[in-house]
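Chain by chain, the residues run as shown.
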Amino acid sequence: MPTNFTVVPVEDGQTSSPDSDDKHSGGEDEDKPGLYSAGDETPGEDSPFLTISDHERSCDGNNMALFEEEMDSTPMVSALLNKLANYTNLTQGVVDHEKAESEDGVKRVAIKGPQMGTFIGVYLPCMQNILGVILFLRLTWIVGTAGILGSFTIVFMCCACTLLTAISMSAIATNGVVPAGGSYYMISRSLGPEFGGAVGLCLYLGTTFAGSMYILGTMEILLMYIVPDGALFADKMDEPMSQQNNMRVYGSCCLALMALMVFVGVKYVNKLALVFLSCVILSIMAIYAGVIRTVIDPPEFQVCLLGNRTLKNLDFDKCLKTEVIDNSTHTTELWGLFCDGPYLNASCDDYFTFNNVTEIKAIPGLLSGVISENLWGDYGPSGRLIEKNLSSEATQETFEDMKKPYVFSDITTYFTLMVGIYFPSVTGILAGSNRSGDLRDAQRSIPIGTILAIVTTSIIYMSCVVLFGACIEGVVLRDKFGYSLKRTPVIGTLAWPSPWVLVIGSFFSCCGAGLQSLTSAPRLLQAVARDGIVPFLQVFGHSKSNGEPTWALLLTAGICEIGILIGSLDFVAPVLSMFFLMCYLFVNLACAVQTLLRTPNWRPRFKFYHWSLSFLGMSLCLSLMFVSSWFYALVGMLIAGCIYKYIEYRGAEKEWGDGIRGLSLNAARYALIKLEEAPPHTKNWRPQMLVLLTLDSDLAVKHPRLLSFTSQLKVGKGLTIVCSVLQGTFMTRSADAKRSEENVKKSMAAEKTKGFCHVVVCSNLRDGFSNLIQSAGLGGMKHNTVLMAWPSNWRQAEDTSSWKNFIETVRETTAAHQALLVAKNIDHFPCNTERLVEGTIDVWWIVHDGGLLMLLPFLLRQHKVWKKCKMRIFTVAHLDDNSIQMKKDLHMFMYQLRLDAEVEVVEMHASDISAFTYEKTLVMEQRSQMLKQMQLSKTEREREIQSITDESRSSIKRKNCMKEPTPNTLEVPGMAEIENEAQMFHERNTKPHDGHQEKHSPTSDHIHMTWTKEKFISERNRHREASPGIRDIFNMKPEWEHLNQSNVRRMHTAVKLNEVVVNKSQGAHLVLLNMPGPPKNKGGDENYMEFLEVLIEGLDRVLLVRGGGREVITIYS
């Protein structure tokens, strides 16, 4: 018995007043709905803790002051337990009704959650849904057609399938609280939104078609047995078609009536549920009572046979050809059906003439021994005569026989069809879980009630198979509609005390099952729609004021009408079987996945489960799907697959902690471990990108075209990690890092770049990028290529860290054996919506770096942006190279690589180093030296530049006045001309490539080099002792012969190569070029930047490529 107790809070220095108690109690009542998270349809699903009120948070006083700063995120245990104790999980309909009644501000009735036990809440609903139309209308026909052994096999397979599914469902249902939503909620939260949506819609379609089947069963009972004269269509020549037309008309009317009843109010349907259940139980009891009666006194139902053929006992009363009345022989009504007239000398059918008419008992009895005749099946084609003790000659019938009152089979029969027709009779095992919100203890009631119901119904079905075969004659069992028994249902002849008990009971049972289907299917669709995983179904999530899903009911009625228009219960049942089998398959899959993954949250209270049982149930469901109908199975799987893909690409993202996510994690872990065992083969190599982004002051992506180029290069394949670095400490900039990551993800989505995003915070950018290059990725899934943008304004930048960080990145990628891609003018690259109609991608293959230069254009041309571009490969021939042979070899190499490209060999013969190269080197070294020697502020630099310029101008004026040139003297250019020439030359080398960059250059001064005044005078005096021809050239620069010859040679290579590349590829859409490595001595870092700048000068889109030290392309298969 429950114990009543009171908890009295003890507070320091505080007493409670009645007013405060009332206020507090009122606050608690108002806070109870806070159990539901705002915006969530499922209570408490997404939030780790239940909502705690301010009062409950503050009433802890000073005792828990140590934890007071964490109360918002971590409530006290007492408050959490209080919320759990008051947790009421009402069904959606009850909640909606309660809200509707409280809209006017007056709460009329406090609705409490129903407290159903195992028997009322689970066992009886499952019994009512399992025992139904198939038992009353088709089981005897299945036994007669498939035989006792075949029928027992069918029943055993189907019952075993549902039992294994019930075990899996019990494990899922007892793994935590199952809110209202039942089986759909369990499956979707175990398998994820994609599988959950597909299974939810399959379950919805199955429930809807079940409504069609029950309505067709109701109409069959009505038109065949209760009101046989009510048929609108009657054609004895094509009786099956006329019967289907009657079913369509009356079924549509019945559907409209039932839908109207559900629309008016589901409470009326629920009130009739007990009546319908009573009908089912009484019908079952009447069957067993009739079987017992056959032992004592078999019922007097006779079947008329002409020879071996069964006759329809509709148009005659006596099973006689002739009868003697007052010593005279008279023909009977049967005679008139086979002869031209009522006279004895009339012309009669040959089979009627040569065969006798006999009567046999339809119900020989349990002890008659008829069981031996009914052991084996008797399958046949449509239109076949129902005969006793068939021989091969007796099965031949003519067209004239179709007009005679014989009993024919209306469809072609075979074993797999019997499976498809029977399986709906065992569906309904989810009825208990669908009422999970109405149960007192769902975790205890659902397993016990469901399994007991399945065991009970399995015993009923198996015993009925044996009893029907042991009591009823075989020809009667195969008479589907009871034509040989004056339109009496075959199972009704066995019922006691009257067949009408079973006719009326089965009628109300089918009618009630149809109403239940029309009630539950719209709510199931509403639950799927409110989850928001299928966008186009959101309109069906709305309901009217009393909670009834009106739009979902209309759609359900429309789909149900499609099933009714099929017109035959035998054709609707296999469709229904497919959807339910698919649903059961996913229930078993969910349990198997959760069990094998052994996730920490998988702790079912139901212990009698195992992954092998779930796997066996899943295999049995799949087998039954294809056994029933391979065509319907493929169609059902196609529908589920389309729904899955639709939700995956267009549906809302949901994180439900599902097993599929855990399965993906396990699969990823296994794959990563396997990848780490050995590096990928050359044939499997593809660029796994690490994209280094820079962010602007607003934490937005500075170069979004870098992401566009990444998506064009990857085409959705391989690994892409997009990273950036924020300078500072993580404690102070964690919010900025999160916002930056969100901005990067938005840019990735806008540029259609699929991959991962990561923003780190580091004390300086250099260390941040270094850490990313070293540690990005996981296991064998690491990047092998780094993509970054060229620092275009590195000369004008006041801070030298930009180009220094760039060079350090080049060094680190080389040390890490990773490829490096540097994009110049990345903002000029095409976006994903552009289409380059004509043009070329030029590859300048200077040195072999593993073949990455050849592979990149091939990958780019897979994307629609670059698809129409042609690939050209240039290589450089020197003086001692045979250019003709080189071109042939390059052609052959491209052919073996299966690359379609134009090949050209460019000859670069050794030439003298030009004065332009010396001047270029001179400016470069001077700038480097001055930046090293002078560490002045910007203001000092500008002041000294002005003073030096003024003194140089006055000196030039004095020279021009003192000395005029004569023909006998060597004319030295004026200092103004020299300075102007030097200034123009320096401007050309330091000018930025983009006009807008020049406009916004941080320094607009023409002179970028500053010395002190004293050093300037001493250097000028020293240079005056040089050769007279060049003595005054660049007074501030050292002599050419004092230049570093290594720098001169490198500059010479850059200048010559730039001339050739610009001449050949200036109009190309993209130029790929080998990127030379940085100097080992860090003292020449700025010179390295100058070399690269000269190399790519005059080109718009350039991609500098540096290999990772391994072959990435091969000629072998």
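Computed from a prediction, not measured in an experiment: that's the story for all the values here.

Draft legend 1. The overall build of the protein chain, seen in detail. Secondary structure summary: the protein chain contains 36 helices and 15 strands in total. Split into buried and exposed, the 1117 residues of the protein chain put 51% on the buried side. Contacts spanning at least 24 positions in sequence make up 81% of the contacts within the protein chain whose residues lie at least 6 apart. Surface exposure of the protein chain reaches about 54,600 Å², of which carbon and sulfur atoms provide 57%.

Draft legend 2. Main features of the state of the cysteines. Scanning the entire structure with this criterion turns up 2 disulfides. Each sulfur in the disulfide pair C304 and C319 lies 1.9 Å from the other. On the sign convention where negative is left-handed, the bridge of C304 and C319, at about 75° about the S-S bond, is right-handed. Of the two residues, C304 sits in strand β1 (residues 302–306) while C319 sits in the loop between β2 (309–310) and β3 (322–325), which places them 15 residues apart along the sequence. A relative accessible area of 2% places C304 in the buried class. Sulfur-sulfur distance for the disulfide between C339 and C348 comes to 1.8 Å. Its torsion about the S-S bond being 105°, the disulfide of C339 and C348 is classed as right-handed. Of all cysteine sulfurs, the one in C254 lies closest to C511, which takes part in no disulfide; the gap is 5.8 Å.

Draft legend 3. Geometry of the packing of helix α9 (residues 239–264) against helix α18 (residues 499–531). The geometry of α9 relative to α18 is characterised by a closest axis approach of 10 Å and an angle of 55° between their N-to-C directions. Put simply, α9 runs oblique to α18. Note that α9 runs across α18; the crossing there is right-handed. Along the contact surface, α9 presents L255, M258, A259, M261 and V262, while α18 presents C511, G514, L515, L518 and T519. Considered class by class, the residues forming the contact of α9 with α18 number 8 nonpolar, 2 polar and no charged.

Draft legend 4. Structural view of the environment of G755. Along the chain, the position of G755 falls in the loop between α25 (730–750) and β8 (756–762). Separated by 35 residues in the primary sequence, G755 and T720 have C-alpha atoms spaced 4.6 Å apart.

Draft legend 5. Highlighting unusual backbone geometry. Between W496 and P497 the backbone carries a cis peptide bond, its omega angle lying at 15°. Residue position: P497 is located in the loop between α17 (490–494) and α18. Phi at H817 takes a positive value of approximately 55°, unusual for a residue other than glycine. Among the secondary structure elements, H817 is positioned in the loop between α27 (801–815) and β10 (819–824). Looking at H817, the relative accessible area reads 61%, which means it is exposed.

Draft legend 6. A look at the sheet that holds strand β5 (residues 357–361). Taken together, the 3 strands give an open sheet; going across it, the order is β2-β1-β5, and neighbouring strands pair in antiparallel fashion. Lying at the two open borders of the sheet, with one neighbouring strand each, are β2 and β5. Sheet analysis places β1 next to β5, joined by 5 bridges and oriented antiparallel. Paired with C304 across the two strands is E359, which belongs to β5.

Draft legend 7. Representation of the pattern of salt bridges within the structure. All told, the structure shown has 18 salt bridges when counted by the stated rule. Between D378 and R384 there is a salt bridge, with its nearest N and O atoms 3.0 Å apart. Of the two residues examined, D378 and R384, each falls in the buried class. Taken together, the shared-partner salt bridges in this structure form one network comprising R138, E220, D410, K480 and D570.

Here is what the cut-offs are and how they apply
Residues numbered from 1 in each chain as written. Predicted model: local features only at pLDDT ≥ 70, side-chain atom pairs only at ≥ 80, totals over all residues. Heavy atoms only, no water. Helix = DSSP H or I, 4+ residues; strand = E, 2+ residues; numbered from the N terminus. Buried < 20%, exposed > 50% of the residue type's maximum accessible area, 1.4 Å probe, protein only. Contact = heavy atoms within 4.5 Å. Areas by Shrake-Rupley, 256 points an atom, 1.4 Å probe, with all protein chains shown as cover. Disulfide = S-S within 2.5 Å. Axes fitted to C-alpha atoms, helices over the stretch in contact; angles between N-to-C directions. Parallel < 35°, antiparallel > 145°, perpendicular 65-115°, else oblique. Left-handed = near helix turned anticlockwise from the far one by under 90°. Nonpolar A, V, L, I, M, F, W, Y, C, P; charged D, E, K, R; others polar. Pairing = 2+ DSSP bridges. Salt bridge = Lys/Arg side-chain N within 4 Å of Asp/Glu carboxyl O.

Geometry only, nothing functional implied.
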